[in-house]
Amino acid sequence: MSHCILQIALDTPLDSVFDYRWPCAPGAEPQPGQLALVDFGRREAVGLIVAVKRETDVPAGKLKDAIAVRSQLSPLPERWLALASFAADYYQRPLGEVALPGLPKNLRVATTVPLDRAIKKLARLDVASDPAPAGMPVLNPAQQQAADAIGGAQGFAPQLLYGVTGSGKTEVYLQACAQVLAREPDAQILVMVPEINLTPQLEGNIRARFPGLLVATLHSGLSEGERMFSWLAAHEGRARIVLGTRLAILASLPNLKLIVIDEEHDPSYKQQEGLRYSARDLAVWRARQLGIPIVLGSATPSLESWHHAQTGRYRKLELRERAVKDAVLPRVRVVDTERDRPKDGLSSQLLAALRQRMERGEQSLLFLNRRGYAPVLTCEACGWISNCRRCSATMVLHKPEHRLRCHHCSLELRIPRACPDCGNVDLQPLGRGTQRVEEGLQAMFPQARILRIDADSTRRKGAAQAAFDTVHRGEVDILVGTQMVAKGHDFKKLTLVGVLNPDTALFSQDYRASERLFAQLMQVAGRAGRAGRVDGGSESEVLLQTRYASHPLYAAVASHDYDRFAGGLLAERKQAFLPPFMYQALLRAEARELAEAIAFLDMARTLVETDAAITINDPIPMTMTRVHNVDRAQLLVESSSRPALQAFLKVWLAALRAVKTRVRWSLEVDPLDI
Ligand code: ADP
Ligand code: ZN
Ligand code: ZN
């Protein structure tokens, strides 16, 4: 028996491709894309075969045999391997770390037991495929034009679907999908949403529209069995529509013919740890690789996508009106809290508007991007404040849970009975979070059904879904929530949105803060009045409470003028040499002492030679410097040329990896928070 060499990627932090020997019967060699079980260090691990070769540089005495090759699973397609390689290369991470974690756990466990058992049982859930769509509403002309443009596009065709909130983008996606499925008998479509909470409503719409079709979901809330089922259904081409969050971009989809990215502006498309990839950007790459259309939809596109649409790289499709007859964008009132001082967080204008909705049996939403009861507990006698002892942050008062909690390191303490410094028993909460707003509302509207939706109220599995269902059933009068409630949801009975204290973002150091705040306010405003005005009901309204009532950002929200606002921001970015006119990477360092982190970055800065195309800035402490007893600093690298930046990063990282240091460091390409 002759032998071949399997080049195998393993999920390891450093260089992750290793050679193993394998007996190769002629004509029955393993193929790239298959999984193999190997000895690695002192353990066994499952890896991905990326190449099958005749020779290796590993000396014969050191070369190990692979233990087994998983033959039941058809190999991951070559184009999928190319996607994983691109992502690894672009984000400067080892291939194994990109390719393996996305696979279902059952495929990755180090066992030689055949896979069949899991799979067969779940496969019974499979249904016959029949792409005849059911119950399609009549599109308005703008929707029809967009659906035809997407559904009829050939080859790589990136399109930006810019449609105001409630303009019926979902319906455009569904009908574009229907066109593709009708034309291409085996087509698979990937539909992505930024947040897991947005999957149920869209999943329901998709299933209702395509009753005979196998629809699979991929997100972090699935059980291992469900994930295995969905992943395999996608990999085997049986799932015709795959609906998922950002991790779905790495699903194996051999017959992928269309990609839909809903709410494309949403920062949640960016993974914030480990492999810090942008699922949206990878989706565009994947569409180009496969030569297929992709649609990016939003009422508030990211400046990157908007810029591409302005320069013609993306085709722009526009929906300027709301879809439902009589539904118009809500009237936005900017409430000056210097004049109309809030009591328990509510101005008299907002209070009156809430009363009116209560009387008419309509729903209201209060949006406050701060969970907990109050961000700080203080002692007015001596000035003590509830600082976290491990972070440069305060511990947040959580009243129902009787706890102080740090939102950065999850330290929890019982609420102190008295000031730890001076013994004063009269400690005061300072500021206002969703719990406190909820408490105030309960006192003001004892008869109202009030529901709070935030990360705390939805911790249990299924709790978020149950809460959103309650809202959709009309069993809630006033909804209080964080950004969780601001996105995407199609609340049909909601006619009032109150925005409490959005001002802090106006003064953030992060140059993206205003883009984000604007998008967030436009999105939350877009939850009001989506079903039109019914039976003498209220005009839909947004009340925006601010101390800076004349700020141009709020004026732009009030006039629903995304175009002009985005144009202004882009001009600023261009002048200041910021993305999308610059490409950036961020080197982060963590150490016990800030000085150590900074010293490491100073060293990193001069480690390799740079040319004029690359700018390396000074190291600076991160805004939130200390988290969990670790100090953090960062170094920003910039270039106006993406290839130049990529080339530099490659050389730089090779040199950095050779440095012996106690400092923990990581690199992020195209960082979102700097
Ligand atoms: P968007 O995602 O653009 O914010 P949605 O897709 O949620 O908006 O649509 C908003 C509402 O309009 C939904 O209730 C949807 O059912 C309705 N809708 C969409 N298209 C049409 C249409 N052509 N005729 C009537 N109603 C429509
Ligand atoms: Zn005190
Ligand atoms: Zn902390």
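Residues numbered from 1 in each chain as written. Chains lettered and ligands numbered in written order. Predicted model: local features only at pLDDT ≥ 70, side-chain atom pairs only at ≥ 80, totals over all residues.

The protein has the name Replication restart protein PriA in an unreviewed UniProt entry, where Massilia terrae is given as its organism. Among the UniProt annotations of the protein, the heading Sequence similarities (unreviewed entry) holds the following wording: "Belongs to the helicase family. PriA subfamily." Database annotation for the protein, UniProt heading Function (unreviewed entry): "Initiates the restart of stalled replication forks, which reloads the replicative helicase on sites other than the origin of replication. Recognizes and binds to abandoned replication forks and remodels them to uncover a helicase loading site. Promotes assembly of the primosome at these replication forks." (UniProt positions renumbered as here; feature names shortened; annotations may be inferred.)

Draft legend 1. How the structure looks around helix 16 (residues 562-575). In a regular helix each residue adds 1.5 Å, so 14 residues correspond to 20 Å; helix 16 covers 20 Å between its end C-alpha atoms and thus fits that length. Every buried residue of helix 16 is listed here: Tyr562, Phe565, Ala566 and Leu569. In a view along the axis of helix 16, the buried residues occupy a sector of 95°, so they form one face of it. Opposite its buried face, helix 16 presents the exposed residues Arg564, Ala571 and Gln575, each directed more than 90 degrees away. Those residues of helix 16 hidden inside the fold are in contact with helix 10 (303-310), helix 14 (513-525) and helix 15 (552-558). At the C-terminal side of helix 16, phenylalanine 577 shows a positive phi close to 55°. (Helix = DSSP H or I, 4+ residues; strand = E, 2+ residues; numbered from the N terminus. Expected span 1.5 Å × (residues − 1). Buried ≥ 20, exposed ≤ 12 C-beta atoms within 10 Å, placed from the backbone. Arc of directions from axis to C-beta. Contact = placed C-beta atoms within 7 Å.)

Draft legend 2. Focus on the UniProt feature "binding site: Zn(2+) 2" (unreviewed entry) in the protein. Those residues carrying the UniProt feature "binding site: Zn(2+) 2" (unreviewed entry) are Cys388, Cys391, Cys406 and Cys409 in this numbering. The greatest C-alpha distance among the annotated residues, which extend across 22 residues, is 8.8 Å, indicating that they converge on a single site. The topology assignment puts cysteine 388 in the loop between strand 15 (376-379) and strand 16 (396-398). On the basis of neighbour count, cysteine 388 is assigned to the buried category, with 22 C-beta atoms found within 10 Å. Those residues in contact with cysteine 388, other than ones at most four positions away along the chain, are Ala393, Thr394, Met395, Cys406, His408, Cys409 and Leu411. Along the chain, the position of cysteine 391 falls in the loop between strand 15 and strand 16.

Draft legend 3. Layout of the pairing of strand 9 (residues 241-244). Neither face of strand 9 is open: one carries Ile241 and Leu243, the other Val242 and Gly244, and all of them are buried. Direction of pairing for strand 7 (residues 188-192) relative to strand 9: parallel, over a ladder of 4 bridges. For isoleucine 189, the partnering residue across the bridge sits in strand 9 and is isoleucine 241. Two elements, strand 8 (residues 215-218) and strand 9, share 4 bridges in a ladder whose sense is parallel. Of the residues in strand 9, the one forming a bridge with valine 215 is isoleucine 241. Taking the sense of rotation as the criterion, the β-α-β connection linking strand 8, helix 8 (residues 224-235) and strand 9 turns out right-handed. (Pairing = 2+ DSSP bridges. Right-handed = clockwise from strand over helix to strand, strands pointing away.)

Draft legend 4. Highlighting the nonpolar core. Counting residues in each nonpolar core, the largest one holds 171 residues, and the members touching the most others are Ile8, Met192, Ile241, Val242, Ala283, Phe367 and Val557. Core analysis: the second largest hydrophobic core is formed by 13 residues, Cys379, Cys391, Met395 and Leu397 among them. (Core = buried A, V, L, I, M, F, W, Y, C linked by C-beta atoms within 7 Å.)

Draft legend 5. Geometry of the environment of alanine 591. With respect to the secondary-structure elements, alanine 591 resides in strand 24 (residues 583-591). Given 20 C-beta atoms within 10 Å, alanine 591 falls into the buried group. Sequence-wise, alanine 591 and valine 630 are 39 residues apart; in three dimensions their C-alpha atoms are separated by 5.6 Å. For alanine 591, the residues in contact, after removing those within four places along its chain, are Glu596, Ala597, Phe600, Asp631 and Val663.

Draft legend 6. Looking closely at the site of ligand 1. The full set close to ligand 1 counts 17 residues, and Gly168, Lys169, Thr170, Glu171 and Ala323 are the nearest of them. The element best represented in the shell around ligand 1 is helix 6 (residues 169-183), accounting for 3 residues. Looking at the shell around ligand 1, its residues break down into 5 nonpolar, 8 polar and 4 charged. (Near = placed C-beta within 6 Å. Nonpolar A, V, L, I, M, F, W, Y, C, P; charged D, E, K, R; others polar.)

Draft legend 7. Main features of the pairing of strand 22 (residues 494-499). Burial runs high along strand 22: 6 of the 6 residues are buried. Two strands pair when backbone bridges link them, and strand 14 (residues 363-367) and strand 22 are joined in this way by 5 bridges, in the parallel orientation. Note that in strand 22 the partner of glutamine 363 across the bridge is leucine 494. Inspection of the sheet shows strand 22 paired to strand 23 (residues 541-546) by 4 bridges, in the parallel sense. In the strand pairing of strand 23, valine 499 is matched with leucine 544. Regarding topology, helix 14 serves as the crossover connection from strand 22 to the parallel strand 23, and that connection is right-handed.

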